[in-house]
2 protein chains.
Amino acid sequence: MNDTQRWNELAAQIAIDSIRATTAAGSGHPTSSMSAAHLLAVLFADHLRFDIKDPHYRGNDRFILSKGHAAPGLYATLKAAGAFDDDVLLTLRHEGSPLQGHPVPIPGFPWVDVATGSLGQGLAAGLGMALAMRMDEIDARVWVLLGDSEMAEGSVWEAMEAIAFHGAGNLTAIVDLNRLGQRGPTMHGWDADVFRDRALAFGWNAVEIDGHDVAQIDRAYREAADDGRPTMIVARTQKGRGVSFLADQEGWHGKAVPADRMDDAIAELGGMHDIRCTPPAPADLPERPAPPAPDVERPSYDGPVATRKAFGEALAWLATINRDVVVLDGEVGNSTYAEDAEKVAPERFVELYIAEQTMVGVQTGLQALGKIAFAATFGAFLTRAADQIRMAAIGRADLRLCGSHAGVSIGEDGPSQMAVEDLAQFRALNGSTVLYPADGASTVTIVEQMASLDGISYLRTTREATPVLYTQNEAFPIGGSKTVASSADDTATLVGAGVTVHESLVARELLAGDQIAARVIDCYSVKPIDAQTLRRALEETGTLVVVEDHRVEGGLGDAVLDALAATGPLTGRVVKLGVGEMPGSATPEQLRAWAGIDAASIAAAVRTALGR
Amino acid sequence: MNDTQRWNELAAQIAIDSIRATTAAGSGHPTSSMSAAHLLAVLFADHLRFDIKDPHYRGNDRFILSKGHAAPGLYATLKAAGAFDDDVLLTLRHEGSPLQGHPVPIPGFPWVDVATGSLGQGLAAGLGMALAMRMDEIDARVWVLLGDSEMAEGSVWEAMEAIAFHGAGNLTAIVDLNRLGQRGPTMHGWDADVFRDRALAFGWNAVEIDGHDVAQIDRAYREAADDGRPTMIVARTQKGRGVSFLADQEGWHGKAVPADRMDDAIAELGGMHDIRCTPPAPADLPERPAPPAPDVERPSYDGPVATRKAFGEALAWLATINRDVVVLDGEVGNSTYAEDAEKVAPERFVELYIAEQTMVGVQTGLQALGKIAFAATFGAFLTRAADQIRMAAIGRADLRLCGSHAGVSIGEDGPSQMAVEDLAQFRALNGSTVLYPADGASTVTIVEQMASLDGISYLRTTREATPVLYTQNEAFPIGGSKTVASSADDTATLVGAGVTVHESLVARELLAGDQIAARVIDCYSVKPIDAQTLRRALEETGTLVVVEDHRVEGGLGDAVLDALAATGPLTGRVVKLGVGEMPGSATPEQLRAWAGIDAASIAAAVRTALGR
C-alpha cells in the first residue's frame, strides 16, 4: 500500500470512528472531527514523533487539539495508534469514561496534556511546551490543531505574536478551515489568504493547502519541520467530509448522526476496517548537565518589606536551587518583583509583555512538561486570563500565580489597577489554594511551599511595605493560621489577612483602651482555611469581625462563614468588613478608611457588635 | 498664528500640564502623556467634533483613551477645551477628585464615556459606539488612542477583526508608538511597519506618521475621516517628548517629575501660557422615524421550557417594544436563543463570532451611547471577558448579560462548557445584580426588568427544560424570593435557585415520606438577596440547606450565609450543597447526583442535619 492509500484509509477510519463514538454517545461533534481527519491521519502516522506507550516521555513531540470539540477525532486517532481499544472509544461522553466531551488530562488518561474546549487557548500552551523543549535542549516539536471559528479569539493572535517573538520554530499551527461555525458560516469562509497574510504579518511562515489532500498535508508538515520559523498551515477542509448528507452542510454542528443513518455514513466512507498506525519514534533525551551550585541565600527580613518584594526575592532564591523553576512576566516584573528571578536565572525568565492570557497559557504548557512555572502580574490583571486559569484547573495543571498590588491599598492608581475580586476568582476554582501573607517571612515560606503544591495556587501580595510579624524559621502550613494576639479575656476576634492583619493589630490596641480584649488571627491561608481555629475563636469570644481588603463577596469573609457553617451549628455574631462600594483614587490610608477596613473602623465595628 | 504654531503651543501646554498635575499628585504617568501631546492637540483643536459643554450630546464624536494611564494628557486637553479649570486639574489623584489615576466616567464628570486603565479595551468599546452611531444614522466618528505596549493584548486584534468585519469606517485608531513600555523597550520599538502590515492584513486602512509633526497628524486625521475603511494611524513618538531628561529615556514610566526639576521641564517646553482650544461643532441629529408598532407578544408558558429559551423569546419581545434594545451574540445564538431577537430585529442584532472580550467591549460602547444592550453566551465563556466586565463595572456601565448552560446540568459536553464559577464572578462585582430563575414565567419577568437595571446585571439560564412554577402575571422583584412550599410544621428549609428549586421540591416530597416537613425557597435573586425571608426561615425552621448547581465557593450558599450574618447574630444550622470536585462528562441527572445536589442528596443532607 502506498502512503496516500495508507493515510486515506486511516483518515476514513478516523471519520468513521468519530461518527460511531458520537452516535453511541447521542451527542458530540462528528463533523468537526471529519474535517480534520486527514490532517490527523498524516500527522500521527508519519510526523508526530511520539511513543504512544510512554506519552509522558520528555522527548516526545506534543499535539494539542485547540479545537477541543473535535475530541472524537483525536480519540479515534489515538485508538488507531494503539492507546486504547475500540470498546473504550465507544464509552465517549459516558459517566466515568476518560473520553470526555472535550479533551481533559485526567489520571489514567495520559494522552492529553492540557484541557481544551474553550476556544483559542491551544497556541499559548503550545508555546509553553516549545519553550520547555528549548530549555531542556530536547529535539521535539509541538503541533497545534486549530479550528477556523476560534481564529476570531484575540488570544490566538496574542499567542501568535509571542510565538514569533520567542522564535519558537519548533511549533506548527494547523488551521482546519472548514468554513462553518456553530450557527453558520465563519467570517472568512474558505479564504485561506486572509489567514496566510495575517500569519506572515505576525512574523510566521505560512502555507495554504487542501486539507483533504494527504500529499499536500505531508509536504506542508515537512516544510513546517524544516523552516526555522513557526509555521501556520492553513488547510481548506469540509466539515463532515466524506458523507454526502454531512459534507459542508449547515445545521450539523455538535450533532451526532442518528443511529438509523450511521450505516449509510460508514458505507460512504468505505466501510469498517481495522487500520492501525505507529507514530515515528521520538528523539533521545540529551544529557542534563549538573546544575551550578546555588549562590542566592534564602531571603530573610528584620524590618518592614512589601510582600511583593519578598515574593520576588523568594522566587529568585527558588530559581537558583531548583533548575525546573521558570518565571513568567506580563511586562510588570519591576512592580511584581518577578524580575528578581530574571537577574539570577535569565534563561528561565520568560517575558510575555502585556499578554496575560498568553502568560497563563504558556505556564500551562510549561507545567505539562514538568516545569515549576510561576507567573506574576497585578492581581487585577489576572482577571484577563480568568478563562485560561479556569481551563488550567480543569486540566489539573499546577499553576503558581502571584497577583500583586492587591486591594484598595494600591492607592492613587485607582480601581482599574486594584484587585478586589481576586479572592473570589481563585477561591471558586476546583482544588485551588489561596494564600495571602502579611509579612516578609511568611511570604518566603509560603512561596517555598507553592513550588510543590498541586493545582492552582494563588499568592496575593501587597504594594506597600508591611512590618515584621514572624521569624524566618516559623512554619506556615497550608490550611493553617496564626493567632498573633490573644488573651484569656477576649470578647471578640479580629480575623484578617495581608494588610488587614496589621490594621487589626492596631484596632486591638484601640480596643484595649476601651477595656475590650480582642484576639487577632492571621488567615494567611484563605483556602483551605483553618476552620477549627475560627470555630474555637467564635465559641470562645462570641464575636468574629472578619476584615479584608477585597470585595465583601466571595473573599475571606465568605470563606470564614463557610468554614463555620461546615463545622457545626452556628452560634454567635460574625461581622464582615470589606470593600462594598466603588473605590476611586486616594492614598492607601484614605482608601482603607473609606472602605471601613482600617483600624478605627474595625474597632468601631467591634464596639457596635458588643453594644459598647 | 498659523495652524502649526497653534497646535504646537497646545501640545506644549498639554505636556506641561501633564507634568504639573502628576508632580502635584506625587504619582502618575507624565511621560506617557507627553508622547501623545501632539496627537491630542490636533485632534481636539480641529478634528473631534464635540460640544465640550454638552458631552453627552448624541451627535458628538467620541474619544476613547485606550492607554488609560495617559489620563493626565487627556485631562490637560479637556482643561484647554474648557471642560474645567486649572485648579481642578491639580486635584489629580486626590481623594474625591473626578480626575482619577485612570479615566473613569463618574457622576459629575461627563467627559469620559468608558473606564480605561486595563489595556487593550478601547477599540471594542469604540466599535460599540461606532455601531450605535450607525444604528441612529448619526454622522459622527470614534477616535481611539492606543499605546504600543497594549498592542500585545489579543483583545486589540480581536477588536480589529470585528471592526473590519462590521465595516466601521467611522472609527479611527491612533497608535502612540513611543517605544517604551513599563519596564523597558516594547517588542517592536519604532517599527511602525509591523503594525501597518498587520492592520492591512486585518482589513484596515493604515498610515504611518511622525507623531510629533502636527502637519502629518492633521493630514492623517483627514485621510482617516475620508477613507471608507477603519484607519489605523501608527504614530512614531517619544515618551517624555520635549524635556531632555525625560525624552526617550528608560526608567520614567509611571513616575512624576520631582518638584525640584519641574520648572526646568516646563522651561524646556516653552514655559507656561494659557492656551485654549475649541473643538469643531458636532453634526445635527437626524430625525428619528417613529418605530413600527410591535408585533411580538409577551411570551408565556403553560408547559416546561428551558429558561434559555424563555430568555430568547423575552428578548425578542423586548426588542420589538423598545427600539434601543440591541442584542449581541458570540456565535452561539442558537444555543443561548439570543438569535430569537435577530429574527425580529436583525438591524439591532450584532454577531461578534467567538470573541467574548469584544462582545462585552462593544456592549460597553453601545450603552455609553444610550443603547440597552444585552449580550449572551455560555456562562462558562463569560469568564473570557471577566476583565472587560470588571472594567465595565468600574465605568458604571449598564451591561445586561446572559450566561446559558449553567452548572453541571449541561451534561455530556463536560467541564470546559460548564459555568460553575459564574455566580462567584458576578456576585463580586460592585453594584451587580445576579438573577437565576427557575422557570419560563419568572425568566420573562426578570428579563423585562433587566432592561431598566443600572450596573452589571447577570441572568443565569439552564440548558434543559424546567417545569412551570409560576403564572405569567406574578411579580419577581429584584431582591425578592418565592417561598414555593411551606407549612407550619417545617423543620428545615431548602434554599435553591434555577434547577435546584426543582430538585428541592422533589426532595420535599421524599422528606414528607419520612414525616419531615421542609420549606422550599426559590432564591431567583442571588444578589441582592432576600435576607429577611432567609433569616425568618432559619429562625422558624432551625436548619437551612442551600443547594446550588455551582461551586460551593462564592455562589448562592455564600450569599445566604452573608445575608444571615448581616442581619444579626447567627443561630441554627446552615448546610451548603454545591459542586465540590471536578465534574466530567455524564448526563445532567448523573452529574447532579454525583455533585450531591439532586433530590436524593438534598433529602439525605436534611436527614443528617436533623439527626434522622
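Before any of the text, the structure's been laid out above.
As the structure is a prediction and not an experimental result, all values here were calculated from the model. Here the residue index of a chain counts from 1 through its sequence in written order. By the order in which they are written, chains take letters starting at A while ligands take numbers starting at 1. Side-chain atom pairs in this predicted model are given and counted only at pLDDT of 80 or more, local residue features only at pLDDT of at least 70, and totals for whole chains, interfaces and linings cover all residues. Remark: hydrogens and water are excluded; side-chain values derive from all non-hydrogen atoms of the structure.

**Q** Go over the interface of chain B and chain A, please, and point to the residues and values.
**A** We call two residues in contact whenever any of their non-hydrogen atoms come within 4.5 Å of each other. Listed per partner, the contact involves 102 residues of chain B and 102 residues of chain A. Together, the buried faces of chain B and chain A total about 8,300 Å²; carbon and sulfur atoms form 48% of this surface. It is R183, M187 and R384 of chain B in chain B that bury the most area against chain A; as a group they hold 11% of the surface buried on that side. In what follows, salt bridge is the name for a side-chain nitrogen of Lys or Arg lying within 4 Å of a carboxyl oxygen of Asp or Glu. Summed over the shared surface of chain B and chain A, the result is 22 salt bridges. A salt bridge links D329 of chain A to R183 of chain B, with the shortest nitrogen-to-oxygen separation between them at 3.4 Å. Buried area: the accessible area, evaluated with a 1.4 Å probe, that two parts lose upon being put together, summed over both parts.

**Q** Describe the pattern of salt bridges, and please don't skip the residues or the numbers.
**A** A pair can form between side chains of opposite charge whenever their charged atoms are brought close. Per the counting criterion, the structure on display carries 100 salt bridges over all chains. Of the charged contacts, one joins E342 of chain B and R183 of chain A as a salt bridge, the two residues approaching to 2.4 Å between their closest N and O atoms. Of this pair, E342 of chain B sits in helix α13 (residues 339-344) while R183 of chain A sits in the loop between β3 (171-177) and α8 (192-201), on two different chains. Residue classification places R183 of chain A among the partly exposed positions, given a relative accessible area of 23%. Between D176 of chain B and K67 of chain B there is a salt bridge whose closest N-O contact spans 2.6 Å. Taken together, the residues D176 of chain B in strand β3 (residues 171-177) and K67 of chain B in the loop between β1 (62-65) and α4 (71-80) connect sequence positions 109 residues apart. K67 of chain B shares its class with D176 of chain B; the two are buried. Helix and strand assignments follow DSSP, with helices taken as H or I runs no shorter than four residues and strands as E runs no shorter than two, numbered in order from the N terminus. Type-normalised accessible area, obtained with a 1.4 Å probe on protein chains alone, sets the label of each residue: buried when under 20%, exposed when over 50%, and partly exposed for intermediate values.

**Q** So, the pairing of β1 of chain B: which residues are in play, and what are the values?
**A** All names here are of chain B. Of the two faces of β1, the one carrying R62 and I64 and the one carrying F63 and L65 are both buried. Pairing between strands requires that DSSP locate at least two bridges from one strand to the other. Bridge count between β1 and strand β2 (residues 142-147): 4 bridges; the pairing is parallel. Bridged to I64 within β2 is V144.

**Q** Give me the lowdown on the relation of the copies chain B and chain A, citing residues and values where you can.
**A** With an RMSD of 0.0 Å, the fit of chain B onto chain A corresponds to turning through 180° and sliding 0.0 Å along the axis. Here the copies are linked by what is in effect a two-fold axis. Looking at chain B, 100% of its interface residues are interface residues in chain A too, so the copies touch through the same face. Each copy is superposed on the other by least squares, with the fit set by C-alpha atoms of residues at a pLDDT of at least 70 in both.

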